[in-house]
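This is what each chain is made of:
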Amino acid sequence: MLTMVIDDSRAMRLILKRIVAQLGFDVVEAGNGQEAMDYLKANVLDGDGEIPGLALVDWNMPEMNGLEFVTAVRAEPRLRGMTLMMVTTESEQSQIVRALASGAHEYVIKPFTPDAIIDKLALLGLVPNGVAA
């Protein structure tokens, strides 16, 4: 499954990429929501590329933040099948509710363990239960 890792931290993109690549996912990286939308527009909406099945999205990024990205994806009918998981330092209950109400499927608070990511992916049905990091 094609997965987008969207975070303005190169180190965080590397960590998340390593976790999902070990699970067999193909990964495309973006440094912010706008880069991710540009990729989707060029490769999916205006092209015939594969629609990512999953996006791991940071909240706090320049140009287009994670919440704006989630809202933009949910507004595009061809992208509505994407599973969106926020992976962020935003830990207030109101922020979590806001992200889920905007269309995110799951929410992971940084810092996290690889198992926390894998457990959420299992909860979403994207990896079998019991897979270990």
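Residues numbered from 1 in each chain as written. Predicted model: local features only at pLDDT ≥ 70, side-chain atom pairs only at ≥ 80, totals over all residues. Heavy atoms only, no water.

Student: Which residues make up the UniProt feature "modified residue: 4-aspartylphosphate" (unreviewed entry) in the protein chain, and what values do they have?
Tutor: In this structure's numbering, the residues bearing the UniProt feature "modified residue: 4-aspartylphosphate" (unreviewed entry) are Asp58. With respect to the secondary-structure elements, aspartate 58 resides in the loop between strand S3 (54–57) and helix H3 (66–75). Among all residues touching aspartate 58, those that are not within four sequence positions of it are Ile6, Asp7, Asp8, Gly66, Met86, Val87, Thr88 and Lys110. (UniProt positions renumbered as here; feature names shortened; annotations may be inferred. Helix = DSSP H or I, 4+ residues; strand = E, 2+ residues; numbered from the N terminus. Contact = heavy atoms within 4.5 Å.)

Student: Can you explain the pairing of strand S5 (residues 106–109)? Please cite residues and give values.
Tutor: The sheet contact formed by strand S4 (residues 83–88) and S5 spans 4 bridges and is parallel. What sits directly across from methionine 86, in S5, is tyrosine 107. Of the crossover connections in this fold, the one passing from S4 over helix H4 (residues 93–102) to the parallel S5 is right-handed. (Pairing = 2+ DSSP bridges. Right-handed = clockwise from strand over helix to strand, strands pointing away.)

Student: Can you explain the packing of H3 against H4? Please cite residues and give values.
Tutor: Interhelical geometry of H3 versus H4 gives an angle of 20 degrees and a closest axis separation of 9 Å. As summarised for this structure, H3 and H4 are arranged roughly parallel, according to the angle between their axes. In the crossing of H3 with H4, the sense of the turn from one axis to the other is left-handed. Here Leu67, Val70, Thr71 and Arg74 of H3 come into contact with H4, specifically with Arg98, Ala99 and Ser102. Across the contact of H3 with H4, the residue classes break down as 3 nonpolar, 2 polar and 2 charged. (Axes fitted to C-alpha atoms, helices over the stretch in contact; angles between N-to-C directions. Parallel < 35°, antiparallel > 145°, perpendicular 65-115°, else oblique. Left-handed = near helix turned anticlockwise from the far one by under 90°. Nonpolar A, V, L, I, M, F, W, Y, C, P; charged D, E, K, R; others polar.)

Student: Give me the sheet that holds S3: which residues, what numbers.
Tutor: If you trace the 5 strands from one edge of the open sheet to the other, you get S2-S1-S3-S4-S5, paired in parallel fashion. For this open sheet the edge positions go to strand S2 (26–30) and S5, each flanked by a neighbour on one side alone. Between one strand and the next, the sheet's axes are offset by a mean angle of 20 degrees, whatever the strand orientation. Bridge analysis of strand S1 (residues 2–6) against S2 gives 5 bridges, and the strand direction is parallel. Paired with isoleucine 6 across the bridge in S2 is alanine 30. Sheet contacts for helix H1 (residues 10–22): S1, S2, S3 and S4; angle to S2, the most-contacted strand, approximately 165 degrees.

Student: With reference to specific residues and values, describe the environment of tryptophan 59.
Tutor: Within the secondary structure, tryptophan 59 is located in the loop between S3 and H3. A residue is classified by how much of its surface remains accessible, and tryptophan 59, at 5% relative accessible area, is buried. (Buried < 20%, exposed > 50% of the residue type's maximum accessible area, 1.4 Å probe, protein only.)

Student: Run through the pairing of S4, naming residues and quoting values.
Tutor: With 6 of its 6 residues buried, S4 lies for the most part within the structure. In S4, alternate side chains face the same way, and those of Thr83, Met85 and Val87 on one face and Leu84, Met86 and Thr88 on the other are all buried. Pairing analysis gives 4 bridges linking S3 to S4, with the strands arranged parallel. Bridged to leucine 56 within S4 is methionine 85. Taken together, S3, H3 and S4 form a β-α-β motif whose crossover is right-handed.

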